[in-house]
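Here's the letter readout for the chains.
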Amino acid sequence: MSKLVTIYGGSGFVGRYIARRMAKAGWRVRVAVRRPNEAMFVKPYGAVGQVEPVFCNIRDDASVARVLQGADAVVNCVGTFDARGKNSFDNIHVEGAGRIARLAKAEGIGTMVHISAIGAEKNGPSGYADSKGRGEEAVLEHQPNAVILRPSVIFGPEDEFFNRFAGMARLSPALPVVGGGTRFQPVYVDNVAEAAAMGVMGTAAPGVYELGGPDVRSFTELMQEMLAVIHRRRLVLSLPFFVGKLMAFGFTALEVVTLGLAKNKMITFDQVKSLKVDNVVSDGAKTFADLGITPTATEAVLPDYLWRFRPSGQYDAIKDSARNLKT
């Protein structure tokens, strides 16, 4: 019988790509999610019955242990941007990650891949970075041979980075960004999935890998690249951090006043703190090069999914050609 991998958060942005790769490699894939009925799209990644979404809440021991039964390897892709509440940084990044590692060890599973983030550091500059760092410690306590992946900002068809700002560009004459000079090293989602699959199959040595794409660009430069792809001229406004704090206060206050109905999806205090630090691969870190993976550049992928934000969508290129026709 083929081997089985349990992927926590396997229907999420990164998890679905890992699930697809593992299915293509012949593994049975158990996709552990809170809402299995909304994850049925993963089933066609493999043959009938090869990829199965199952219910799991990583805040509960019994739930986590149940989906580990019979597994040969485990992947944790669950993450959050909520600093508070039931799905807070502590509950998900620290306790949840540690719970998966601890119960996997109890089940006799010694192969684990954990998705963290560049900048993860205990007592780091932001709550997000701190929780990611403590989460890594919790994983390594029980799974010392784990493969930990720290990607920079991840891009791909389902991303919430380029898609979000491209959507804003359709409606606004300007794009305000907090910390326009902060540098990022965008990494393609399937490159991250390839690294994770190597960890599951044992072809990646245990350790921490920082994953960044081939290009390092500032926040402002990334927005300018995105605007060029969607054929829109917009002013990119780099806002100082104190303005970002004021914005975070306003959006957070609105969320509190509306009892969570108007959830703050714009910018939080913690995100402002995160934006003060470059999000790039550090010197001396293990990288894609150590895995034999050549990372994909943004320019090779962005046009494939951002075309829908162009003024005429898929017909934009045709209209451009028509304008050049001689009459």
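Whatever comes next refers back to the structure up there.
Cut-offs and rules
Position labels on residues start from 1 in each chain and follow its written sequence. Selection of residues for local features in this predicted model requires a pLDDT of at least 70, selection of side-chain atom pairs for listing and counting requires 80 or more, and totals for whole chains, interfaces and linings are taken over all residues. To get the side-chain values, all heavy atoms of the structure are used, and hydrogens and water are removed first. Interaxial angles span 0 to 180 degrees and are taken between N-to-C directions of axes, which are lines fitted to C-alpha atoms, for helices over the stretch in contact. Helix and strand assignments come from DSSP, with helices taken as H or I runs of at least 4 residues and strands as E runs of at least 2, each series counted from the N terminus. In this scheme, roughly parallel covers angles under 35 degrees and roughly antiparallel covers those over 145, while 65 to 115 is roughly perpendicular and the rest are oblique. Left-handed is the label given to a crossing in which the near helix is rotated counterclockwise from the far helix by less than a right angle, and right-handed is the label when the rotation is clockwise. In this description, contact between two residues means that some pair of their heavy atoms is separated by no more than 4.5 Å. Burial classes: relative accessible area under 20% of the type maximum marks a residue as buried, over 50% as exposed, and values in between as partly exposed (1.4 Å probe, protein chains only). DSSP-based pairing: two strands are paired if at least 2 bridges between them are found. Amino acid classes used here: Ala, Val, Leu, Ile, Met, Phe, Trp, Tyr, Cys and Pro are nonpolar; Asp, Glu, Lys and Arg are charged; the rest, including Gly, are polar. Polar contact is the term for a pair of N or O atoms within 3.5 Å; when the atoms are in protein, one must be able to donate a hydrogen and the other to accept it, and sequence-neighboring residues count only if both atoms are side-chain atoms. We call Phe, Tyr and Trp rings a pair once their centres come within 6.5 Å, taking the six-membered ring for Trp, and we label the pair stacked below 30 degrees between planes, edge-to-face above 60, and tilted otherwise. Any Lys NZ or Arg CZ that is within 6 Å of a ring centre and within 35 degrees of that ring's normal is treated as a charge sitting over the ring. Nonpolar cores were defined as sets of buried Ala, Val, Leu, Ile, Met, Phe, Trp, Tyr and Cys residues, with membership established by side-chain atoms within 4.5 Å. Crossover handedness is defined here as right-handed if the route from the first strand over the helix to the second strand goes clockwise, with the strands pointing away from the viewer.

J.: Explain the packing of helix 1 (residues 15-24) against helix 6 (residues 189-201) to me, please; I cannot follow it from the model alone.
T.: Each packed pair of helices is defined by two parameters, the angle between the axes and the distance between the axes. Relative orientation of the contacting elements helix 1 and helix 6 amounts to 50°, with a least axis distance of 8 Å. The angle between helix 1 and helix 6 falls in the class oblique. Judged by the sense of rotation from one axis to the other, the crossing of helix 1 with helix 6 is right-handed. Together, Y17, I18, R21 and M22 of helix 1 and V189, D190, A193, E194, A196, A197, V200 and M201 of helix 6 make up the contact between the two elements.

J.: Can you help me understand the pairing of strand 4 (residues 73-76) in this one?
T.: Strand residues, when the strand is regular, have side chains that alternate between the two faces of the sheet. Along strand 4, one buried face is formed by A73 and V75 and the opposite face, lined by V74 and N76, is buried too. Two elements, strand 1 (residues 4-8) and strand 4, share 4 bridges in a ladder whose sense is parallel. Note on strand 4: the bridge partner recorded for V5 is A73. Examined bridge by bridge, strand 4 and strand 5 (residues 112-115) share 3 bridges and lie parallel to one another.

J.: Looking at this structure, I do not really get the packing of helix 5 (residues 162-171) against helix 7 (residues 219-229). What am I missing?
T.: As a packed pair, helix 5 and helix 7 sit with axes 10 Å apart at the nearest point and diverge in direction by 65°. Of the two possible hands of crossing, helix 5 and helix 7 adopt the one that is right-handed. Residue-level inspection shows F162, F165, A166 and A169 of helix 5 in contact with helix 7, the latter providing F219, L222, M223, M226 and L227. Here the contact of helix 5 with helix 7 is built from residues that sort into 9 nonpolar, no polar and no charged.

J.: How should I be thinking about the side chain of S152 in this particular structure?
T.: Within the fold, S152 resides in the loop between strand 6 (147-151) and strand 7 (154-155). Within the structure, S152 has its side chain in polar contact with the side chain of N279 (distance 2.7 Å). Dropping the residues within four chain positions of it, S152 is found in contact with I118, F184, Q185, P186, V187, L211 and N279.

J.: For this particular structure, what's the right way to read the environment of V153?
T.: Assignment of secondary structure puts V153 in the loop between strand 6 and strand 7. Discounting residues that sit within four places of it in the chain, V153 has contacts with F161, F184, Q185, P186, V187 and N279.

J.: Honestly, the side chain of D130 in this entry has me stumped. Any pointers?
T.: Here D130 shows up in helix 4 (residues 127-142). If we skip the residues at most four places from it in the chain, D130 touches E121, K122, N123 and G124.

J.: Explanation requested: helix 5 in the structure shown.
T.: Each α-helix turn comprises 3.6 residues. Residues three or four places apart therefore point the same way. Residues F162, N163, F165, A166, G167 and A169 constitute the buried set of helix 5. Contacts from the buried residues of helix 5 go to strand 7, strand 8 (174-178), helix 7 and helix 11 (302-306).

J.: I keep staring at the packing of aromatic side chains and nothing clicks. Help me out?
T.: For any pair of aromatic rings, the description consists of the separation of the ring centres together with the inter-plane angle of the planes. Per the counting criterion, the structure on display carries 11 aromatic pairs. Seen from their ring centres, F13 and Y17 are 6.4 Å apart, and the 90° between their planes marks the pair as edge-to-face. An angle of 70° between the planes, with centres 5.8 Å apart, marks the rings of F161 and F165 as edge-to-face. Since its relative accessible area comes to 12%, F161 is described here as buried. Classification of F165 by relative accessible area gives buried; the value is 8%. Taken together, F155, F161, F162, F165, F184, Y188 and F219 form an aromatic cluster joined through their ring pairs. It is R20 that lies over the ring of Y17; its NZ or CZ is 5.1 Å from the centre. Taking the ring centre of Y45 as reference, the NZ or CZ of R20 above it sits at 4.4 Å.

J.: Before we go on, may I ask you to explain the nonpolar core in this structure?
T.: Proteins that are soluble and globular tend to have nonpolar side chains buried together. Counting 69 residues, the largest nonpolar core has I18, F162, M223, M226 and L306 as the members making the most contacts within it. If sequence neighbours within four positions are ignored, M226 has contacts with F162, F165, A166, L175 and L306.

J.: Just to check I follow, could you spell out the sheet that holds strand 4 for this structure?
T.: Sheets are built from strands paired through backbone hydrogen bonds, the pairs being either parallel or antiparallel. What the 7 strands build is an open sheet, ordered 3-2-1-4-5-6-11; its pairing is parallel. In this open sheet, the two edge strands, each paired with only one partner strand, are strand 3 (51-55) and strand 11 (207-211). Looking at each pair of strands side by side, their axes are set apart by 20° on average, direction ignored. Where helix 1 meets the sheet, its contacts fall on strand 1, strand 2 (28-33), strand 3, strand 4 and strand 5, and the angle it forms with strand 2 comes to roughly 160°. Those strands touched by helix 4 are strand 5 and strand 6, and its axis lies near 175° from that of strand 5.

J.: Is there a simple way to explain the pairing of strand 1 in this structure?
T.: Judged by how many residues are buried, strand 1 sits mostly within the fold: 5 of 5 residues are covered. With burial as the criterion, each face of strand 1 is covered, one bearing L4, T6 and Y8 and the other bearing V5 and I7. Direction of pairing for strand 1 relative to strand 2: parallel, over a ladder of 5 bridges. Residue pairing in the sheet places Y8 in a bridge with A32 of strand 2. Read as a crossover between parallel neighbours, the route from strand 1 over helix 1 to strand 2 is right-handed.

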